[in-house]
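Structure at a glance
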Amino acid sequence: MIAAWHNGQFRIVEAFSRIVRLGEGLSQSGRLSDRAIDRALAALKLCAEKVGRRQVVKIRAVATQACRIAKNGPDFIRRVEQETGLKLTIIPPEEEARLSVVGCASLLEGDAKAAIVMDVGGGSTEISWLSLEAPAPKSGRNGAHGLSATRGAPKPQHWISIPKGVVNLAERFPEPATGDKQVWFDSMVADVQAAIQDFKGPESLRPHFDAQDAYIVGTSGAITSLAGMHLGLERYDRSKVDGLWMSHDQCRAVIDRLLSLGQSGREGEPCIGKDRADLVLAGAAILEAVQNLWPCDRLRVADRGLREGLLLSMVKKKTRRRRRSRGGRSAASTN
């Protein structure tokens, strides 16, 4: 994601993403596979080319769960720098959770008293609980091409990172060719719930969820895919998805449809495609597990998160140091 900072706002000038499944097979081998490394390097070389072409003056590039736990994660980081010039920093789960909240801060609005921000990745999921009883900050315009720095954004009161993401969950629970797909889906939900249910830190916020005075902000490709299917989009449109409100019943209706389609049917869905066809229900299972444990009827879909959080944290640090010239400066974030 490349953006120019001017007059107190980022203007997104280019964004690129590619599913590389860096953690494919990692849970079994403990190592990043050669094929996964090759896919990631190919995508990162494209990122490096875009950064060079745009003459970016400041960059922050991070790696998350796969590189945190892989035995050869540091070797991969070194190879990325040698072959692309990008210097990846492996960030801890706490920082990943915090940056996701920062990136989604402009969606934390309304009169609710509490919220959960959940960032579903390939190898882990970060879940943050926030109190919203203080007035939500005014964040300015945050449309498809703008991203404003938010002052006084809510900070997580409690957070947890679980080593379950769409890639490793899908690998552990392969979709059966026959039989009851709902039973298969429920087994994934139960597995995720078991990883969260003993975390009692946020219990002080539970009365707000019991009173339906709370909501979930969900950021991940799987969740945005659910939203795209719910809207019946013939082509994914970020401007229609980012910030969308969905009810629990609407989420459940899309999940039921996904289960009935099967993998080949999901591949034909324009908001899913071949790359996510075997991952989207794993992401839906993680969402369902959180909704079961922290019941609330509202989900806010976020097509933003860690990359936006990186950009905003970069400009906040710069602003605290000194005021720069009025001319636009470009920055990039990579994950």
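Let me sum up the structure you'll find in this document. (Residues numbered from 1 in each chain as written. Predicted model: local features only at pLDDT ≥ 70, side-chain atom pairs only at ≥ 80, totals over all residues. Heavy atoms only, no water.)

1. Considering the nonpolar core
Counting 55 residues, the largest nonpolar core has Ile 116, Met 118, Phe 185, Phe 209 and Leu 281 as the members making the most contacts within it. Sequence-distant contacts of Phe 209, that is, excluding residues within four places in its chain, are made with Ala 114, Ala 115, Ile 116, Trp 129, Ala 214, Trp 294, Pro 295 and Cys 296. Formed by 22 residues, the second largest nonpolar core is a distinct cluster that contains Leu 22, Leu 32, Ala 70 and Val 80. (Core = buried A, V, L, I, M, F, W, Y, C linked by side-chain atoms within 4.5 Å. Buried < 20%, exposed > 50% of the residue type's maximum accessible area, 1.4 Å probe, protein only. Contact = heavy atoms within 4.5 Å.)

2. What about the packing of helix H2 (residues 34-53) against helix H4 (residues 73-84)?
Running from N to C, H2 and H4 point in directions that differ by 40°, and their axes come no closer than 10 Å. It follows that H2 is oblique to H4 by the angle criterion. Our pair here, H2 against H4, has a crossing hand that is right-handed. Of the residues in H4, those in contact with Ile 37, Asp 38, Ala 40, Leu 41, Leu 44, Lys 45 and Ala 48 of H2 are Phe 76, Arg 79, Val 80, Glu 83 and Thr 84. (Axes fitted to C-alpha atoms, helices over the stretch in contact; angles between N-to-C directions. Helix = DSSP H or I, 4+ residues; strand = E, 2+ residues; numbered from the N terminus. Parallel < 35°, antiparallel > 145°, perpendicular 65-115°, else oblique. Left-handed = near helix turned anticlockwise from the far one by under 90°.)

3. Remarks on the sheet that holds strand S9 (residues 214-219)
Taken in spatial order, the six strands of this open sheet run S8-S6-S5-S9-S11-S10, and their pairing is mixed. The outermost strands of the open sheet, each flanked by one partner alone, are strand S8 (158-162) and strand S10 (245-247). Direction aside, neighbouring strands of the sheet carry axes that sit 20° apart on average. As paired strands, strand S6 (residues 125-131) and S8 are joined by five bridges and run antiparallel to one another. Counterpart to Ser 128 in the pairing with S8 is Trp 159. Its contacts with the sheet place helix H13 (residues 280-293) against strand S5 (114-120), S6, S9 and strand S11 (298-302), and it is angled at close to 155° to S5. (Pairing = 2+ DSSP bridges.)

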